[in-house]
Amino acid sequence: MRLEIAPGILLWREKFTRIEQEKLLHAVMVQVQDAPFYRPQMPGTGKAFSVEETNFGELGWVADKSGYRYQPIHPITGKAWPAIPGSLLKLWEEIAPSYQFEDPPQCCLVNLYRAGARMGLHQDKDETAAAPVISVSLGDEAVFRIGGSERRGATKSLKLQSGDVVAFGGPARLAYHGIDRIAAGSSTLIPGGGRINLTLRRVT
Ligand code: MD6
Ligand code: FE
């Protein structure tokens, strides 16, 4: 069942069943062997993120001392990013048309939250805002915070569980959002514990 959290923000609870989550996690871990998780840095200060990241697709989002950008190669290995798993391409084909959008995703940003990791309130604004961003959560439960398109505005929080899908588009495409915390140990899906979030986007 599809829930509309706010104009342009859609939520599907457990869109991926447990078996589908296991299959998707396996596909992700196979690709990660080719593109290992690394810790991005805050532009300017160089402070390391608490979240570890990698990417799939033709372009990957990276952050380091010099800024945020999309690039075709992994910053540590120098190799092209591996392909986006098929089940995620299928998810995009199913959902993107609800936002009057057809072209396939160019990037899947992969975020790994081990115990204690979080993500500050941000806007996804380094890519074309015409396409939606579609996200899948795997593993531990997370508290997702959603605001409006101004940082100082009111926010609300939403629990995201393994298999849940969130789409941001249209009037919500530039809404502020972040992960306040994860409930470490709440899911058995990911070996070693934690949460993986996969976000599909168009960049250009
Ligand atoms: C996360 N998600 O769930 C972080 N961005 O770990 C995001 O930053 C995000 O879920 C854009 C659209 C949907 C998202
Ligand atoms: Fe985001």
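Just above, that's the structure.
Everything in this summary refers to the structure shown in the same document.

Cut-offs applied
The residue count restarts for each chain, going from 1 along the sequence in the order it is written. Chains carry letters from A onward and ligands carry numbers from 1 onward, assigned in written order. The model is predicted, so local features are restricted to residues of pLDDT at least 70 and side-chain atom pairs to those at 80 or more, both for listing and for counting; the totals for chains, interfaces and linings are taken over all residues. Side-chain metrics in this entry use all non-hydrogen atoms of the structure; hydrogen atoms and water are not considered. Numbering goes from the N terminus for both helices and strands, where a helix is a DSSP run of H or I of at least four residues and a strand is a run of E of at least two. We take the radius of gyration over the C-alpha atoms and set the globule estimate at 2.2 Å times the residue count to the 0.38 power. By the counting scheme adopted, Arg and Lys are positive, Glu and Asp are negative, and His together with the chain ends is not counted. In this description, the location of a charge corresponds to atom NZ of lysine, CZ of arginine, CG of aspartate or CD of glutamate. In this analysis a donor is any N, O or S atom within 2.8 Å of a metal ion (3.2 Å for sodium, potassium and calcium), and since water is not included, sites may seem incomplete. Three exposure classes are used, based on accessible area relative to the maximum for each residue type with a 1.4 Å probe and protein chains only: buried under 20%, partly exposed in between, and exposed over 50%. What makes two strands pair is DSSP finding at least two bridges between them. Here, axes are lines fitted to C-alpha atoms. For helices the fit covers the stretch in contact, and angles between N-to-C directions go from 0 to 180 degrees. Cysteine sulfur atoms are paired as a disulfide whenever they come within 2.5 Å of each other. In this context, the arc is that of the directions from the helix axis out to the C-beta atoms. Should any heavy atoms of two residues lie within 4.5 Å, those residues are considered in contact. Proximity is defined per residue: if any heavy atom of the residue lies within 4 Å of a molecule or strand, that residue is considered near it. The definition of a polar contact used here is a pair of N or O atoms within 3.5 Å, where within protein one atom must be able to donate a hydrogen and the other to accept one, and adjacent residues in sequence count solely through side-chain atom pairs. Under this grouping Gly is polar, as are all residues other than the nonpolar Ala, Val, Leu, Ile, Met, Phe, Trp, Tyr, Cys and Pro and the charged Asp, Glu, Lys and Arg.

**Some points on the overall build of the protein chain**
Turning to step 1, where the next piece is worked out: Each helix and strand in the protein chain was counted, giving two helices and 13 strands.
Turning to step 2, where the next piece is worked out: Scaling as 2.2 N^0.38, a compact globule of 204 residues should have a C-alpha radius of gyration of about 17 Å, and the protein chain matches this with 16 Å.
Turning to step 3, where the next piece is worked out: Overall size of the protein chain, expressed as C-alpha extent along the three principal axes, is 40 × 40 × 35 Å.
Turning to step 4, where the next piece is worked out: Taken as two groups, the 24 positive and 21 negative side-chain charges of the protein chain have centres that lie 6 Å from each other.

**Remarks on the coordination of the iron ion (ligand 2)**
Turning to step 1, where the next piece is worked out: The iron ion (ligand 2) binds to the protein through His122 (NE2), Asp124 (OD) and His177 (NE2); the donor distances cover 2.1 to 2.3 Å.
Turning to step 2, where the next piece is worked out: Going along the chain, you hit the donors of the iron ion (ligand 2) in the pattern H-x1-D-x52-H. You can see aspartate 124 sitting in the loop between β7 (119–122) and β8 (133–139) and its partner histidine 177 sitting in strand β12 (residues 177–182), a full 53 residues away along the chain. Judged on exposure class, the residue aspartate 124 and its partner histidine 177 are both buried.

**Some details on the sheet that holds strand β10 (residues 156–160)**
As a general point, the strands of a sheet are linked pairwise by backbone hydrogen bonds and lie either parallel or antiparallel.
Turning to step 1, where the next piece is worked out: Strands sit in the order β7-β12-β9-β10 across an open sheet of four strands; the sheet is antiparallel. Pairing within the sheet leaves two strands with one partner each, and these edge strands are β7 and β10. Across this sheet, the average inter-strand angle for adjacent strands is 25 degrees, counted without regard to direction.
Turning to step 2, where the next piece is worked out: Bridge analysis of β7 against β12 gives two bridges, and the strand direction is antiparallel.

**Side note on the state of the cysteines**
Turning to step 1, where the next piece is worked out: Within the structure shown, the criterion is met by zero disulfides.
Turning to step 2, where the next piece is worked out: With no disulfide of its own, cysteine 107 lies 6.7 Å from the sulfur of cysteine 108, the closest cysteine sulfur.
Turning to step 3, where the next piece is worked out: By relative accessible area, which is 0% here, cysteine 107 ends up buried.

**Some words on helix α2 (residues 86–95)**
Turning to step 1, where the next piece is worked out: Inspection of α2 places Leu88, Leu91, Trp92 and Ile95 among the buried residues, and these make up the whole buried set. The arc that holds every buried residue of α2, seen down its axis, measures 100 degrees, which confines them to one face. Of the exposed residues in α2, the ones pointing more than 90 degrees away from its buried face are Gly86, Lys90 and Glu93.
Turning to step 2, where the next piece is worked out: Considering only its buried residues, α2 is in contact with β2 (9–12), α1 (18–32), β6 (107–113), β8, β11 (165–168) and β13 (195–201).

**Details of the site of ligand 1**
Turning to step 1, where the next piece is worked out: If you check the shell around ligand 1, you find Tyr113, His122, Asp124, Val133, Ser135, Phe144, Phe168, His177, Ile179, Arg195, Asn197 and Thr199 and nothing else.
Turning to step 2, where the next piece is worked out: One nitrogen or oxygen atom from the side chain of serine 135 is found 3.0 Å from an oxygen atom belonging to ligand 1.
Turning to step 3, where the next piece is worked out: Of all the secondary structure elements, the ones that give two or more residues to the shell around ligand 1 are β8, β12 and β13.
Turning to step 4, where the next piece is worked out: Residues that form the shell around ligand 1 fall into these classes: five nonpolar, five polar and two charged.

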